Amino acid sequence: MTLGRSRIVFQGETAYAHEREAIDFAIEELPDRDPYHVWALLDLLDPSTGRFYEIDLLVLGYSALYLVEIKSGPGRYEGDHQDWYRQAPDDPRPHYMENPLQLANHKAKVLGGLLRRKMKNPDQAPWVEPLVFLSHQSVQLALRNHGDIAVVTRKNLLRALQHHEFTGANPRRKRSSPMPGPVVKDVARALDSLGLKPRKGKAHVGSLE
């Protein structure tokens, strides 16, 4: 994993067209300059537990290393900080889902701890900020009671990644200048040393591929 002229540092595969389209959208939205670098479709191993975590998208921006959990279903999203329901078009039944931020937040904490242990200057490690990206063009938000914290859509994804502006953002973490080049390289080297693996683009149903 090396930093070159391309902002795409590391990228796995996916069997799902909607996931690929969401990642392509994010990459096209981002400026092609430092500090913006992208890692996509990764598997992260937590050595302390032996558990693997799927990471959809990592974006190094001005203010943080953003861990982006992608949800691509169309429709109306309702719910709160714990429970969500998605009402898909042409489907009379709302479908339950746990608020994706809970898992994204856990992944961010795991990655943040591992990253700090691997960086040469851990005191300069970026904050790992979880975001939930509802990537479909046809999305309606009716979230309440803090259910919309860290939730972004196509309309405000870039604003979140560039300016650290989204519901629930801590303004004290917002930076007005990019991370210095040596810090960016230290982050990339540390992520490389974590042994992140590219996700294989295969769909599985039970034990069948």
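Before going into details, it helps to say that this report is about the structure given with it. (Residues numbered from 1 in each chain as written. Predicted model: local features only at pLDDT ≥ 70, side-chain atom pairs only at ≥ 80, totals over all residues. Heavy atoms only, no water.)

1. A word on the sheet that holds strand 9 (residues 139-143)
One open sheet holds the four strands; their spatial order is 7-6-5-9, and the pairing between them is mixed. Edge positions in the sheet fall to strand 7 (95-98) and strand 9, since each of these pairs with one other strand and no more. Within the sheet, the average angular offset between the axes of one strand and its neighbour, ignoring direction, is 25 degrees. For strand 6 (residues 83-87) and strand 7, the ladder comprises four bridges, and the chain directions are antiparallel. By the bridge assignment for strand 7, Tyr-85 is matched with Tyr-96. (Pairing = 2+ DSSP bridges. Helix = DSSP H or I, 4+ residues; strand = E, 2+ residues; numbered from the N terminus. Axes fitted to C-alpha atoms, helices over the stretch in contact; angles between N-to-C directions.)

2. Points about the environment of Asp-123
Inspection of the secondary structure assignment puts Asp-123 in the loop between helix 2 (100-118) and strand 8 (128-134). Overall, Asp-123 belongs to the exposed group, its relative accessible area being 68%. Residues Asp-123 and Leu-158, spaced 35 residues apart in sequence, show a C-alpha to C-alpha distance of 27 Å. (Buried < 20%, exposed > 50% of the residue type's maximum accessible area, 1.4 Å probe, protein only.)

3. Here's the deal with helix 4 (residues 181-193)
Taking 1.5 Å of rise per residue, 13 residues should cover 18 Å, and helix 4 covers 18 Å from first to last C-alpha, within 8% of that figure. Within helix 4 the residues assigned to the buried category are Val-183, Val-184, Asp-186, Val-187, Ala-188, Ala-190 and Leu-191. Turning to helix 4, the residues buried within the fold contact strand 2 (37-46), strand 3 (51-60) and helix 2. Within two residues after helix 4, Gly-195 carries a phi angle of roughly 75 degrees, on the positive side. (Expected span 1.5 Å × (residues − 1). Contact = heavy atoms within 4.5 Å.)

4. Overview of the pairing of strand 8
The side chains of a regular strand alternate, first on one face of the sheet and then on the other. Most of strand 8 is tucked away, with seven of its seven residues classed as buried. Residues Val-128, Pro-130, Val-132 and Leu-134 of strand 8 are buried on one face, and the alternating residues Glu-129, Leu-131 and Phe-133, pointing to the opposite face, are buried as well. Note that strand 4 (residues 65-71) and strand 8 share seven bridges and pair parallel. Its bridge partner being in strand 8, Glu-69 is matched across the sheet by Val-132. Pairing between strand 8 and strand 10 (residues 151-152): two bridges, direction parallel. Bridge pairing in strand 10 places Phe-133 opposite Val-152.

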